Amino acid sequence: MATPSTPYVPVAVTAELDERLSRWLWLVKWLLVIPHWIVLIFLWIAFFVVTVIAFFAILFTEHFPRGLFDFNLGVLRWSWRVSYYSYGALGTDRYPPFSLGPEPGYPARLDIAYPERLSRSQVLVKWWLLAIPHYLIVAFFTGGMQVHWWSGGLITLLALIAGFAVAFTERYPRDLFALIVGLNRWVLRVAAYASLMTDAYPPFRLDQGGHEPIVDAVR
């Protein structure tokens, strides 16, 4: 258990901006990521099924089976890498790997601390009732009531602005990058909470930048 002086970050989202980005590659990334989108459609179907199974497991045992947890974490990691490469950030030109693993060498990373125990009472309400305020915010960020980044919304709009900036100035505005990653961090925190992977309620806070802020929290 964390103490008041120990940083506890149940959902850690990190991103590193490429020093040099192609001025025009972003125009065709929608085509390049089609193979990923096809795979992700099936992975997200499996993600939903796994989450339902985990719901009953938590309800009766207070545990999210580790193998199922790792699979769902892998789907979120894969989605975040594809998003970061494409129109969720346009922060790298490195093609995302077809992998459910952590891929520490890739510039977009996601880690979710495995919970030793989850609340039976929260599992009944957190994914729909408690998360409703966040769903409304995420809908604005992503353009719909979903946790993916290819449907439009504020994140895609800002990423396209960054793409035009790179095209005409060869620079990705640092402040815009920090904002875009912060918005994605919010979305991923909500995704982890709504999919029952943590009992830590997502903060109503826009933590900008490529690395998690160092804050004190109690688990």
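What comes next concerns the included structure.

Basis of the calculations
- Residues numbered from 1 in each chain as written.
- Predicted model: local features only at pLDDT ≥ 70, side-chain atom pairs only at ≥ 80, totals over all residues.
- Heavy atoms only, no water.
- Axes fitted to C-alpha atoms, helices over the stretch in contact; angles between N-to-C directions.
- Helix = DSSP H or I, 4+ residues; strand = E, 2+ residues; numbered from the N terminus.
- Parallel < 35°, antiparallel > 145°, perpendicular 65-115°, else oblique.
- Left-handed = near helix turned anticlockwise from the far one by under 90°.
- Contact = heavy atoms within 4.5 Å.
- Nonpolar A, V, L, I, M, F, W, Y, C, P; charged D, E, K, R; others polar.
- Core = buried A, V, L, I, M, F, W, Y, C linked by side-chain atoms within 4.5 Å.
- Buried < 20%, exposed > 50% of the residue type's maximum accessible area, 1.4 Å probe, protein only.
- Salt bridge = Lys/Arg side-chain N within 4 Å of Asp/Glu carboxyl O.

1. Section: the packing of helix α6 (residues 154–169) against helix α7 (residues 174–194)
Between α6 and α7, the least distance of the axes is 10 Å, while the angle of their chain directions is 155°. Taken together, α6 and α7 sit at an angle that is classed as roughly antiparallel. Pair α6 / α7 crosses with left-handed handedness. The residues of α7 that touch α6, namely those facing Leu154, Ile155, Leu158, Ala159, Ile161 and Ala162, are Leu176, Leu179, Ile180, Leu183, Asn184 and Val187. Of the residues assigned to the contact of α6 with α7, the class counts are eleven nonpolar, one polar and no charged.

2. Remarks on the nonpolar core
One broad rule of soluble globular proteins: the nonpolar side chains tend to lie buried together. Among the nonpolar cores identified, the biggest contains 51 residues, and Phe64, Leu76, Trp80, Tyr84, Leu110, Ile112 and Tyr172 are the most heavily contacted of them. Considering each element in turn, this core owes the most residues, eleven residues, to α7. Counting five residues, the second-largest nonpolar core is a separate cluster that includes Trp26, Tyr87, Leu90 and Ala167.

3. Some thoughts on the packing of helix α3 (residues 66–85) against α7
Relative placement of two packed helices is described by the angle separating their axes and the distance separating the axes. Two numbers describe how α3 lies on α7: the axes approach to 12 Å, and their chain directions differ by 160°. Relative to α7, the element α3 lies roughly antiparallel. Of the two possible hands of crossing, α3 and α7 adopt the one that is right-handed. Residue-level inspection shows Leu76, Trp80, Ser83 and Tyr84 of α3 in contact with α7, the latter providing Phe177, Asn184, Leu188 and Ala191. Among the residues forming the contact of α3 with α7, the class breakdown is six nonpolar, two polar and no charged.

4. So, the pattern of salt bridges
Within this structure, the stated rule accounts for eleven salt bridges. The salt bridge partner of aspartate 111 is arginine 77, with a shortest N-O separation of 2.7 Å. Highlighted residues: aspartate 111 in strand β2 (residues 108–112) and arginine 77 in helix α3, separated in sequence by 34 residues. Looking at arginine 77, the relative accessible area reads 11%, which means it is buried. Lysine 126 serves as the salt-bridge partner of aspartate 199, at 2.6 Å between the closest nitrogen and oxygen. Of this pair, aspartate 199 sits in the segment after α7 while lysine 126 sits in helix α4 (residues 120–130), and the two are 73 residues apart along the sequence. Looking at lysine 126, the relative accessible area reads 1%, which means it is buried. Salt bridges sharing common partners tie together Arg185, Arg189, Arg205, Asp207 and Glu212.

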